[in-house]
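Observations on chain architecture
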Amino acid sequence: RQMCIRDRHKGVDISELFHDVACLKKEGIQLLIPRCYRSYGSPDPNCKKNLENGKKEGMDLDIYMFPCVKCGKPEKQVADTIKAAGGEHFRYFWIDVEVYQWPANKENNRKFITEVVKAVEKDGKKPGIYTSKVNWEAIVGSDWSGCSHLPLWYAHYDKDPSFKDFKPYGGWKKPFMKQYLGDTHLCKEGVDLNFYPQTNQNLSLIHIS
């Protein structure tokens, strides 16, 4: 199903090479966030090209990594993620924290995430956390607030582009943006839709699945 999103949704988050970034621009997209590291432990080879294409269209750029916990070496994973960007400028470095190949040991998970955050900050980048309440509590526990100083991009598929549903968790009192709808399409590719409020530069985000 193709959705008309002009003047409403203002960004995309992609996990594959996007073939028609000019189309995104025509749809009013302002922000592009390509995946730059994959969950099985390797840089995403499409990262740099996606950033280059977004830059050509005058878009704002962020990146995200899906870390590989079992692979260890969080500092190297961060370094490889940044290297995958090929020197292209980006704003936020989003860390994807969701239930997929995470160990059951919450204490170790907390340590791993903390090390990833520190490595991002050490490199002079701005880290943020992508997660949901259910995922966060399953991975690190409901009582841990070790990342509450970072911006939160949360997922809740209620089809409502607002923060009315948000309930504090992980030490976060308010979110930065929200993923609210999955499995739709934009420019003939699968997307998830995300809300970014007026106070945060009036952008919305779209996650490409």
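Above this note sits the structure.
First, a word on what this report is: a plain description of the structure on this page. (Residues numbered from 1 in each chain as written. Predicted model: local features only at pLDDT ≥ 70, side-chain atom pairs only at ≥ 80, totals over all residues. Heavy atoms only, no water.)

Turning our eyes to something else, we now look at the overall build of the protein chain. Regarding its fold elements, the protein chain presents five helices and 11 strands. Per-residue burial over the protein chain gives 56% buried out of 209 residues. Considering only contacts within the protein chain whose residues lie at least 6 apart along the sequence, 61% involve residues at least 24 apart. Carbon and sulfur atoms make up 49% of the accessible area of the protein chain, which amounts to about 9,900 Å² in all. (Helix = DSSP H or I, 4+ residues; strand = E, 2+ residues; numbered from the N terminus. Buried < 20%, exposed > 50% of the residue type's maximum accessible area, 1.4 Å probe, protein only. Contact = heavy atoms within 4.5 Å. Areas by Shrake-Rupley, 256 points an atom, 1.4 Å probe, with all protein chains shown as cover.)

Below, the discussion takes up the nonpolar core. Of all hydrophobic cores here, the largest spans 51 residues; its most connected members are Leu24, Phe93, Ile113, Ile129, Trp136 and Cys147. For this core, the leading source of residues is helix α4 (residues 106-122), giving six residues. Formed by 10 residues, the second largest nonpolar core is a distinct cluster that contains Leu31, Tyr130, Met177 and Tyr196. (Core = buried A, V, L, I, M, F, W, Y, C linked by side-chain atoms within 4.5 Å.)

What follows deals with the packing of α4 against helix α5 (residues 133-140). Running from N to C, α4 and α5 cross one another at 110°; their axes reach a closest spacing of 7 Å. Classified by the angle their axes make, α4 and α5 are roughly perpendicular. Of the residues in α5, those in contact with Lys106, Asn109, Arg110 and Ile113 of α4 are Trp136, Glu137, Ala138, Ile139 and Val140. The residue makeup of the contact of α4 with α5, split by class, is five nonpolar, one polar and three charged. (Axes fitted to C-alpha atoms, helices over the stretch in contact; angles between N-to-C directions. Parallel < 35°, antiparallel > 145°, perpendicular 65-115°, else oblique. Nonpolar A, V, L, I, M, F, W, Y, C, P; charged D, E, K, R; others polar.)

Here we take up the side chain of Ser162. By secondary structure assignment, the location of Ser162 is in the loop between β8 (152-155) and β9 (177-186). On the accessibility criterion, Ser162 (13% relative accessible area) is buried. Of note is the side chain of Ser162, whose polar atom sits 3.3 Å from the backbone nitrogen of Lys164. When residues no more than four places from it in sequence are discounted, the contact partners of Ser162 are Tyr154, Lys178 and Phe195. (Polar contact = N/O pair within 3.5 Å; in protein donor to acceptor, adjacent residues only side chain to side chain.)

Disulfide: a covalent bond formed between the sulfur atoms of two cysteine residues. A full pass over the atoms with the stated rule returns three disulfides. Linked covalently through their sulfurs, Cys36 and Cys47 form a disulfide whose S-S length is 1.9 Å. In this structure, the disulfide formed by Cys36 and Cys47 twists by about 60° around the S-S bond and is classed as right-handed. Highlighted residues: Cys36 in strand β2 (residues 31-38) and Cys47 in helix α2 (residues 47-56), separated in sequence by 11 residues. With respect to burial, Cys36 and Cys47 carry one shared label: buried. (Disulfide = S-S within 2.5 Å.)

Right, let's get into the pattern of salt bridges. Per the counting criterion, the structure on display carries 11 salt bridges. Arg91 is the salt-bridge partner of Asp62, the closest N and O atoms lying 3.2 Å from each other. Here the residue Asp62 occupies a position in the loop between β4 (60-61) and β5 (63-65), and Arg91 occupies one in the loop between α3 (74-84) and β6 (92-96), the gap between them amounting to 29 residues. The exposure class assigned to Asp62 is buried, which follows from its relative accessible area of 1%. (Salt bridge = Lys/Arg side-chain N within 4 Å of Asp/Glu carboxyl O.)

Compared with the 24 Å implied by 1.5 Å per residue over 17 residues, the 24 Å span of α4 between its first and last C-alpha is a close match. Its buried side turned inward, α4 meets β5, α3, β6, β7 (126-131) and α5. Between the side-chain oxygen of the N-cap and the backbone nitrogen of Glu107 there are 3.1 Å, and the N-cap of α4 in question is Asn105. Where α4 terminates, the next one or two residues include Gly124, which has phi positive at roughly 85°. (Expected span 1.5 Å × (residues − 1).)

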